[in-house]
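Below are the chains, spelled out letter by letter.
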Amino acid sequence: MKQITARVYRFDPETDSEAHFEEFNVAVNDGARILHVLHAIHDSVDATLAFRYCCGSGQCGSCAVRLNGEPVLACMEEAQDNITIEPLNLPVKKDLVVDLAPFLETIASLKPVDTLKMPTKSDIDMIKPLRSCIECLCCVSVCPAMEVTKFVGPTAMRQEMRLSLDPRDHGNRIADAVKEGLFTCTSCQACWKVCPKDIEIPSKAIEKLRALANKCGFTLPKHQEVAALVKETGRSVTRIEPTFLELVNTDIVEPSGTVKATVGFFVGCMYNMRLPKTALDAIEVLKRNGIRVIIPKEQICCGSPLIRTGQLDFLDTLRKRNIDAFRFQKIDAVMTICAGCGSTLKNDYRTPFAVLDINEILTKFGIESPAHLPFRATYHDPCHLLRGQDIREQPRQLIREVVDLVEMPSVCCGSGGGVKSGIPEEAAALGKRRGEEIRKCGADLVITSCPFCEFHIAGHTDKPVKNIATVLLEGYREKDRKTGKPVVP
Ligand code: SF4
Ligand code: SF4
Ligand code: FES
């Protein structure tokens, strides 16, 4: 047996004007789950505690709660000491019981066709990854788009895609999905990461529905403009100043001192065309830390803006051109500095070379300590770095080398999935929330590692927003100033 202390969210609409937490200490068996803790509280301390469960084995989805802020199935999650248990972030009926009905009602049902048509093996294989939903609504409880706009949500989208693949259904699934907010999804991937059944809703449902919507002429005009630009210029944004590839003016940048590794630099449209100075800062940091950088000029857009918006007809051309630009280089890995490019190269390409984000490169090979700058900074996790590439600790490790770090919740800023260009009012609403979190955490500097986040957040906070590479370089300049060395330009 072991003792568990749990802070539990309490709210009874009949007696409470607002919610509060109560602390319980109960004895449970070793290996007990959160559901066992709730039973122990209910049976031995407070029989009024309301919580929901049925199967006790991860099959019915009814026991979902938040454990230390993260949605989980109470019956599957092992209980640790000193935990906080809250309801999902949905309307609360009592204590840990939330109102599921309004969301479950939006999940479409099969509309049977008149003739008998059975799914083929290939239909079944395509349907399979979308079929195992247990309607726990963990995904719905974390969806940022649903909080600021009319969007039916991730599992309803999953069901539309699942039905669109089923020959027994005659509903107009694509038109329905568009009406229900298909283009409001920011591709943040939060729904996938909390799903206990590991259903990849963004890539297996939303992007697929967007690709089908494209064939039916539903693609948003702004997204069509981006696709036309990529086809015409190879880049997803227009040129407004000399690009990084023009400014850098060489194919190879040698580091000062011993060479620890050689990387091929995949710069991406935003850092090439709109934020070339940040890419140049990254080169200085890499040079100082023994990383040789090869910069093939033939590289073009990775295709992320097309994949996320379902415009796939030009994608193979982009993939081939980018792979050819790097495949014969003598490099240890291709390095990305844009979270979106990195996630695309890692997850949407089959590359004959390793792909690593700059934060992985710098922490893997180690960096010289910069001077500690007198800032209290917060870090915004780019969705395509945190969830798209599972990179959480490396940027924090680098940031702590140069400034003090204060945390804020990791949520989407609203700039991804084509939302900033296609539905700017939604992007602005999410950006505003991000600005509010920055204000609340008391930071005087915001650091991130994605050009889209950097641009978007800068429009919603009065604090400076900088890339990690730029802040590291500022730390090196300060160090050189203090030690009397020539300062890095
Ligand atoms: S990817 Fe993000 S915005 Fe899109 S449905 Fe999932 S949680 Fe919602
Ligand atoms: S998709 Fe996953 S997280 Fe969402 S309701 Fe279904 S099982 Fe739960
Ligand atoms: S009680 Fe059924 S999934 Fe947890």
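Since this is a predicted model, take the numbers as computed values, not measurements.

Caption draft 1: The arrangement of the overall build of the chain in detail. Tallying secondary structure elements over the chain gives 23 helices and 16 strands in all. Taking 23 Å as the expected radius of gyration for a compact globule of 489 residues, we find that the chain reaches 25 Å, a close match to that expectation. Expressed as lengths along the three principal axes of its C-alpha atoms, the size of the chain is roughly 70 × 60 × 40 Å. Counting across all 489 residues of the chain, residues that qualify as buried make up 46%. Residue pairs in contact within the chain that sit at least 24 positions apart in sequence constitute 72% of those at least 6 positions apart.

Caption draft 2: Structural detail: the environment of His 42. Structurally, His 42 is set in helix H1 (residues 34-44). Residue classification places His 42 among the partly exposed positions, given that 16 C-beta atoms sit within 10 Å. Spatially, the C-alpha atoms of His 42 and Ala 333 are 55 Å apart, while their sequence positions differ by 291 residues. When neighbours within four sequence positions are excluded, His 42 is seen to be in contact with Ala 47 and Leu 49.

Caption draft 3: Representation of the sheet that holds strand E1 (residues 2-10) in the model. Reading across from one edge, E2-E1-E5-E3-E4 is the order of the 5 strands in this open sheet, with mixed pairing throughout. The open sheet is flanked by strand E2 (20-28) and strand E4 (70-73), the only strands paired with a single partner. Shown here is a sheet whose adjacent strand axes are inclined to one another by a mean of 35°, direction ignored. Of the pairings in the sheet, the one linking E1 to E2 comprises 9 bridges and is antiparallel in character. Bridge pairing in E2 links Arg 10 to His 20.

Caption draft 4: Expanded view of the site of ligand 2. Near ligand 2 lie 14 residues; those nearest to it are Cys 133, Cys 136, Cys 138, Cys 139 and Cys 195. Elements represented by at least two residues in the shell around ligand 2 include exactly helix H4 (138-142) and helix H6 (154-164).

Caption draft 5: The arrangement of the pairing of E4 in detail. Pairing analysis gives 4 bridges linking strand E3 (residues 64-67) to E4, with the strands arranged antiparallel. If you follow Ala 64 over to E4, its bridge partner there is Leu 73. Between E3 and E4, which follow one another and run antiparallel, lie 2 residues, and Asn 68 among them has a positive phi close to 45°.

Caption draft 6: Examining the site of ligand 1 more closely. Around ligand 1 there are 15 residues in total, and Cys 143, Pro 154, Cys 185, Cys 188 and Cys 191 lie nearest to it. For the shell around ligand 1, the secondary structure elements donating two or more residues are helix H5 (144-148), helix H8 (190-194) and helix H9 (201-215). The element that contributes the greatest number of residues to the shell around ligand 1 is H9, accounting for 3 residues. Here the residues of the shell around ligand 1 are counted per class, giving 12 nonpolar, 3 polar and no charged.

Caption draft 7: Spotlight on the nonpolar core. Counting 132 residues, the largest nonpolar core has Cys 139, Met 157 and Leu 209 as the members making the most contacts within it. Aside from chain neighbours lying at most four places away, what touches Cys 139 is Pro 154, Thr 155, Cys 191, Val 194, Cys 195 and Ile 201.

Caption draft 8: A look at unusual backbone geometry. Phi at Glu 135 takes a positive value of approximately 55°, unusual for a residue other than glycine. The topology assignment puts Glu 135 in the loop between helix H3 (121-131) and H4. The phi angle at Asn 249 is positive, at roughly 55°, despite the residue not being glycine. With respect to the helices and strands, Asn 249 occurs in the loop between helix H11 (244-248) and strand E8 (252-253).

Caption draft 9: Examining the domain arrangement of the chain more closely. Domain parsing of the chain yields domain 1 (2-98), domain 2 (104-215), domain 3 (244-365) and domain 4 (376-483). If you average the C-alpha positions of domain 1 and of domain 4, the two centres end up 33 Å apart.

Caption draft 10: Structural context of the sheet that holds strand E9 (residues 261-266). As summarised here, the arrangement of the 5 strands in space is E8-E10-E9-E11-E12, forming an open sheet in which the pairing is mixed. Across the chains shown, the open sheet's two edge strands, defined by having one partner strand only, are E8 and strand E12 (355-357). Strands in contact with helix H17 (residues 358-365) are E9, strand E10 (291-294), strand E11 (333-336) and E12; relative to E12, the strand with the most contacts, it is inclined by about 85°.

Caption draft 11: The arrangement of the packing of helix H13 (residues 276-288) against helix H23 (residues 468-483) in detail. H23 packs onto H13 with a crossing angle of 55° between their chain directions and a minimal axis gap of 8 Å. On the basis of their axis angle, the class for H13 and H23 is oblique. Both H13 and H23 take part in a crossing whose hand is left-handed. On H23, the residues that touch Thr 278, Asp 281, Ala 282, Glu 284, Val 285 and Arg 288 of H13 are Ala 469, Thr 470, Leu 472, Leu 473 and Tyr 476. Here the residues of the contact of H13 with H23 sort into 6 nonpolar, 2 polar and 3 charged.

Caption draft 12: Layout of the packing of helix H19 (residues 393-402) against H23. Packing of H19 against H23 brings their axes to within 9 Å, and their N-to-C directions diverge by 25°. With respect to each other, H19 and H23 are oriented roughly parallel. The handedness of the crossing between H19 and H23 comes out as left-handed. Packed against H19, whose contacting residues are Pro 395, Leu 398, Ile 399 and Val 402, the element H23 presents Ile 468, Val 471, Leu 472 and Gly 475 at the interface. Class assignment of the residues belonging to the contact of H19 with H23 gives a composition of 7 nonpolar, 1 polar and no charged.

Conventions used here
- Residues numbered from 1 in each chain as written.
- Chains lettered and ligands numbered in written order.
- Predicted model: local features only at pLDDT ≥ 70, side-chain atom pairs only at ≥ 80, totals over all residues.
- Helix = DSSP H or I, 4+ residues; strand = E, 2+ residues; numbered from the N terminus.
- Rg over C-alpha atoms; globule rule 2.2 N^0.38 Å.
- Buried ≥ 20, exposed ≤ 12 C-beta atoms within 10 Å, placed from the backbone.
- Contact = placed C-beta atoms within 7 Å.
- Pairing = 2+ DSSP bridges.
- Axes fitted to C-alpha atoms, helices over the stretch in contact; angles between N-to-C directions.
- Near = placed C-beta within 6 Å.
- Nonpolar A, V, L, I, M, F, W, Y, C, P; charged D, E, K, R; others polar.
- Core = buried A, V, L, I, M, F, W, Y, C linked by C-beta atoms within 7 Å.
- Domains from an automatic or database assignment.
- Parallel < 35°, antiparallel > 145°, perpendicular 65-115°, else oblique.
- Left-handed = near helix turned anticlockwise from the far one by under 90°.

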